[in-house]
Amino acid sequence: MARIPYPDPQQLDERSKATLDELPKLNVFRMLAHSGVVLEGIRVLANGLLREGQLNPVLREIAIIRTGLLRGSHYEVHQHEKLGQLYGMSQELLAAIHEGAEAAAFDPLQRQVMLLTDDIVHNSRASDATFGPLAAQLSPGEMLELVTCIGCYTMVSDLLNTFDVDIEAPEQSPEFKLPDR
């Protein structure tokens, strides 16, 4: 159960109402609607990464799900595993994210994304050993998006955990669809 109540949409300021109306009916957005500034900022950043980014969506979802796992955010993992399935991620690949970078399901590039994600979440900075191999394979823009995803979803995971945001009941969960690109 959430640590503070979800706001009544009728009591929200106009900025929060307008932003909330544009988003899927998820508890994460309902909770963030307590602050229109925070809701709008996270929406712009996350939607930019999900809808407009250059980074391969499977690599992005590996990093987001792994970040959620390492931060202990059941909500984040739950939502992004659903999104990952829409991008064609197999159950074997999703399970491998839980196992770690040495899982057999990863190709070499995916394994490097896992290693970088673990390094950043644990150490706040990627070492040369995890950064270099990826920087040799991804463009600077893709690298920036990957590291930004890890940072953004670390922050979101911490918000979800701190406020104990509830996973939606199946009957309340909106149907996921792929973001427009």
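Right above here is the structure, for reference.
Now for a description of the structure that goes with this document. The shown structure was predicted, so the numbers you read here are calculated from the model rather than taken from an experiment.

Procedures and definitions
Residues numbered from 1 in each chain as written. Predicted model: local features only at pLDDT ≥ 70, side-chain atom pairs only at ≥ 80, totals over all residues. Heavy atoms only, no water. Helix = DSSP H or I, 4+ residues; strand = E, 2+ residues; numbered from the N terminus. Buried < 20%, exposed > 50% of the residue type's maximum accessible area, 1.4 Å probe, protein only. Phe/Tyr/Trp six-rings, centres within 6.5 Å; stacked < 30°, edge-to-face > 60°. Lys NZ or Arg CZ within 6 Å of the ring centre and 35° of its normal. Axes fitted to C-alpha atoms, helices over the stretch in contact; angles between N-to-C directions. Left-handed = near helix turned anticlockwise from the far one by under 90°. Contact = heavy atoms within 4.5 Å. Nonpolar A, V, L, I, M, F, W, Y, C, P; charged D, E, K, R; others polar. Expected span 1.5 Å × (residues − 1).

**Considerations on the environment of Ser127**
Item 1. Relative to the assigned elements, Ser127 resides in the loop between helix H7 (108-123) and helix H8 (128-135).
Item 2. Using a relative accessible area of 27% as the deciding quantity, one classes Ser127 as partly exposed.

**Considerations on the packing of aromatic side chains**
Item 1. In this structure the tally under the stated criterion is 0 aromatic pairs.
Item 2. Taking the ring centre of Tyr6 as reference, the NZ or CZ of Arg30 above it sits at 4.2 Å.

**What to know about the packing of H7 against H8**
Item 1. Viewed as axis vectors pointing N to C, H7 and H8 meet at an angle of 145 degrees, and their least axial separation amounts to 9 Å. Crossing of H7 over H8 shows left-handed handedness. Residues Leu109, Gln112, Val113, Leu115, Leu116 and Asp119 of H7 pack against Thr130, Phe131, Pro133 and Leu134 of H8.
Item 2. Its residues placed into classes, the contact of H7 with H8 shows 7 nonpolar, 2 polar and 1 charged.

**With respect to helix H9 (residues 140-162)**
Item 1. For H9, which comprises 23 residues, the first-to-last C-alpha distance of 33 Å matches the rise-based estimate of 33 Å (1.5 Å per residue) to within 8%.
Item 2. Those residues of H9 that fall on the buried side of the exposure criterion are Glu142, Met143, Glu145, Leu146, Cys149, Ile150, Cys152, Tyr153, Thr154, Val156, Ser157 and Leu160.
Item 3. Against the buried residues of H9 lie helix H2 (27-32), helix H3 (36-52), helix H4 (57-70), helix H5 (74-86), H7 and H8.

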